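Residues per chain, in single letters:
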Amino acid sequence: FTFHTVALVLIAMSYALGSVQLLAAQPMLFISFTSIVLVPIIVRVATDTAEAWHWQLALVLGLLFLITLLLGRTYRDALSQAIVLKQQTEHLAEQLKHEKAVADEARRAAEAATRAKSQFFAAASHDLRQPLHAMGLFAEALRQRSAQGKADPEVSSLVNSINQSVDALEGLFGELLDMTRIDSGGVDVQLAPVRIKDLFSRLRLTFEPVAFEKGLALTFHGAQRVAHSDGLLVERILRNLVSNAIRYTEDGGVLVACRPRDGKLLLQVWDSGVGISEVNLPHIFDEFYQVHGSAPLAAHQKKGLGLGLAIVKKLAGLLEAPLTVRSVAGRGTVFSFELPVGREPRTISPPPPSSAAHLGLTLDGRHIVVVEDEPAVREGLLVLLQSWGATV
C-alpha cells in the first residue's frame, strides 16, 4: 500500500473516532456519519485486486468500523447514565435543602422555646420564691410556738409535716432553677484553691445529723488535700451525691473520699445502698429520670424530680471533671470525678469570737430593723424574730 493510502485510512479513522464524542448522543446521525466516512474506504480497499492483502485490510477496517459503532453506543449509554445521575443529584440536593430548612426552623423553634422557658423561670423565680420563703418562715414560727407551748402531739406532728413539705417544695423548686441557670449559661466557673477540709466540714455539718437519724455512718477521708477548682460548684456536686447516697442507703454508711491519682485529685462518694441495675445505669444522668427497682421506694426516697444527677453531670462538665459511676444492685454505688491539684492558700487568722456567740437561743433585748418590700416575707420575718424575743 502506498503512503497516500495509509494516510487516507488514518484520516478517515480519526474522523470516525472524533465523531464518537460529538455525535454519539444522536444514534442515527452518528451511524450515518461513520458509515459515510468508513464504508466507501472499506469497499474501495476490498475491490482493489492490485494489492495482495486487500481482503485482510478490508476485514481490519470492517472491525474498526464495528468497534467505532460500539464505542459510540457505550459513550451514549454512559452519557445517558451521567445525565440521570445528575438529575437525581439535583433532586437530592433540592430535597436536602428543603429538609435543612425544615430542620433549621425546628431548631429555631426549639431554641425559642428554651429561651422562653429560661426567661419564664428567671422572671418568675423571685415571685415564686417569695411566698414559698414566707411559708417557710410562718411554718418555723408555728413550730417554735408549738414547742414552747407544749402543744398537743397531733398539732406538733402537723407542724412538722408542714415544715417537711415546705423543705421538699423548696428543694424541688431549687432543682428546677438550678437546671434552668445551667442550661441558659448563667453559671460562671471561678477557679481558686479549694481546701477539701473546709468542704468536708460543711458537708459534715449538713448531713451528719441526717445520717445519724437513719443509723448510718458518714465518713470523710483525705481532708488534707487542696484542689484547684470552683469550690461552690464542687460543693454542690458533692451535696447532691451525698444526699442521694444517704437517701438510698438503709444499712451501712456513706464514705466521701479524696485521694491523689495520676497527678490529680480523685473525689468519690461511696454508699452501701440499694445500688443501680445495669439496665438503669446508662440513664441515671438523664433529666427527670428516676430509677424504679423491684422493691417499692420509701417515702423519703421518692422526693425529687430526677434532676439531681442531671445537675451533677452538667456541673461536672462545666468544671471539665468527667463523672463516672460504678454500681452493683443491692450492694452499693460509687460516683467519681477528678479535679486538678491546687496550692494551699495563704493562711488568714480567724476573727476574734463575737460576743453574739454567747447570746444562746434568744434575742431578748435586741432591736432588729427589717427592710423588705414583700408583705408576706416581711410578716413572716416579724413573727419569727418576735418568737425569738427580739423587738422588730
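Please read these numbers as outputs of a predicted model, since none were measured by experiment.

K.L.:
Explain the nonpolar core to me, please; I cannot follow it from the model alone.
P.N.:
The tendency in soluble globular proteins is for nonpolar side chains to be buried side by side. Counting 43 residues, the largest nonpolar core has Leu 238 and Phe 337 as its most contacted members. Elements with a contribution of two residues or more to this core: helix H5 (196–213), strand E2 (217–221), helix H6 (231–247), strand E4 (253–261), strand E5 (264–271), helix H7 (308–318), strand E6 (323–328) and strand E7 (332–340). Per-element accounting of this core gives the leading share, 8 residues, to H6. Those residues in contact with Phe 337, other than ones at most four positions away along the chain, are Val 234, Ile 237, Leu 238, Leu 241, Leu 265, Leu 266, Leu 267, Ala 321, Pro 322 and Leu 323. Judged by nonpolar contacts, the second largest core, of 13 residues, contains Val 9, Ala 12, Ala 16 and Ala 46.

K.L.:
Any chance you could explain the packing of H5 against H6 here in plain terms?
P.N.:
Here H5 crosses H6 at 20°, and the two axes come no closer than 11 Å. Regarding the angle of H5 to H6, the classification is roughly parallel. Taken as a pair, H5 and H6 cross one another with a handedness that is right-handed. Mapping the contact onto sequence places Leu 199, Phe 200, Arg 202, Leu 203, Thr 206, Phe 207, Val 210 and Ala 211 in H5 and Gly 231, Val 234, Glu 235, Leu 238, Arg 239, Val 242, Ser 243 and Ile 246 in H6.

K.L.:
So what exactly am I meant to see when it comes to the packing of H6 against H7 here?
P.N.:
To describe two helices that pack against each other, one gives the angle between their axes and the distance between the axes. Running from amino to carboxyl end, H6 crosses H7 at an angle of 150°, the nearest separation of the two axes being 9 Å. With respect to H7, the element H6 is oriented roughly antiparallel. Judged by the twist between their axes, the crossing of H6 over H7 is left-handed. For the pair H6 and H7, the contacting residues are Leu 233, Arg 236, Ile 237, Asn 240, Leu 241 and Asn 244 in the first and Gly 308, Leu 309, Ile 311, Val 312, Leu 315 and Ala 316 in the second. Looking at the contact of H6 with H7 residue by residue, the classes come out as 8 nonpolar, 3 polar and 1 charged.

K.L.:
So what exactly am I meant to see when it comes to the pairing of E7 here?
P.N.:
Consecutive side chains of a regular strand alternate in pointing toward one face of the sheet and then the other. With 7 of its 9 residues buried, E7 lies for the most part within the structure. With 6 bridges joining them, E6 and E7 adopt antiparallel strand pairing. The residue of E7 that forms the bridge with Arg 326 is Val 334. The turn linking E6 back onto E7 is made up of 3 residues, and Gly 330 within it adopts a positive phi angle of 85°.

K.L.:
What's the story with the pairing of E5 in this structure? I'm lost.
P.N.:
The buried count for E5 comes to 6 of 8 residues, which makes it a mostly enclosed element. As judged from the 8 bridges shared by E5 and E7, these two strands associate in the antiparallel manner. Opposite Leu 267, over in E7, you have Phe 337 as the bridge partner.

K.L.:
Please clarify how a nonpolar patch on the surface should be interpreted in this entry.
P.N.:
Together, Leu 17, Leu 59, Leu 63, Leu 66, Ile 67 and Leu 71 line one region of the surface with nonpolar side chains, adding up to about 570 Å² of accessible area. In terms of residues, the nonpolar patch owes the most to one element, helix H3 (residues 54–148), which gives 5 residues. Looking at the element boundaries, Leu 71 is found in helix H3. Exposure remark for Leu 71: the relative accessible area of 41% places this residue in the partly exposed category.

K.L.:
How do you make sense of the packing of aromatic side chains when you look at a structure like this?
P.N.:
Each aromatic ring pair is described using two quantities: the centre-to-centre distance and the angle formed by the ring planes. One pass over the structure, following the stated rule, counts 1 aromatic pair. Relative to Phe 220, the ring of Phe 200 lies with its centre 5.1 Å away and its plane at 45°, an arrangement referred to as tilted. Of this pair, Phe 200 sits in helix H5 while Phe 220 sits in strand E2, placing them 20 residues apart in sequence. Relative accessible area serves as the criterion here: at 11%, Phe 220 is assigned to the buried category.

Calculation criteria
- Residues numbered from 1 in each chain as written.
- Predicted model: local features only at pLDDT ≥ 70, side-chain atom pairs only at ≥ 80, totals over all residues.
- Heavy atoms only, no water.
- Core = buried A, V, L, I, M, F, W, Y, C linked by side-chain atoms within 4.5 Å.
- Buried < 20%, exposed > 50% of the residue type's maximum accessible area, 1.4 Å probe, protein only.
- Helix = DSSP H or I, 4+ residues; strand = E, 2+ residues; numbered from the N terminus.
- Contact = heavy atoms within 4.5 Å.
- Axes fitted to C-alpha atoms, helices over the stretch in contact; angles between N-to-C directions.
- Parallel < 35°, antiparallel > 145°, perpendicular 65-115°, else oblique.
- Left-handed = near helix turned anticlockwise from the far one by under 90°.
- Nonpolar A, V, L, I, M, F, W, Y, C, P; charged D, E, K, R; others polar.
- Pairing = 2+ DSSP bridges.
- Patch = residues over 30% accessible without salt bridge, like charges linked within 9 Å, V, L, I, M, F, W, Y side chains within 5 Å.
- Areas by Shrake-Rupley, 256 points an atom, 1.4 Å probe, with all protein chains shown as cover.
- Salt bridge = Lys/Arg side-chain N within 4 Å of Asp/Glu carboxyl O.
- Phe/Tyr/Trp six-rings, centres within 6.5 Å; stacked < 30°, edge-to-face > 60°.

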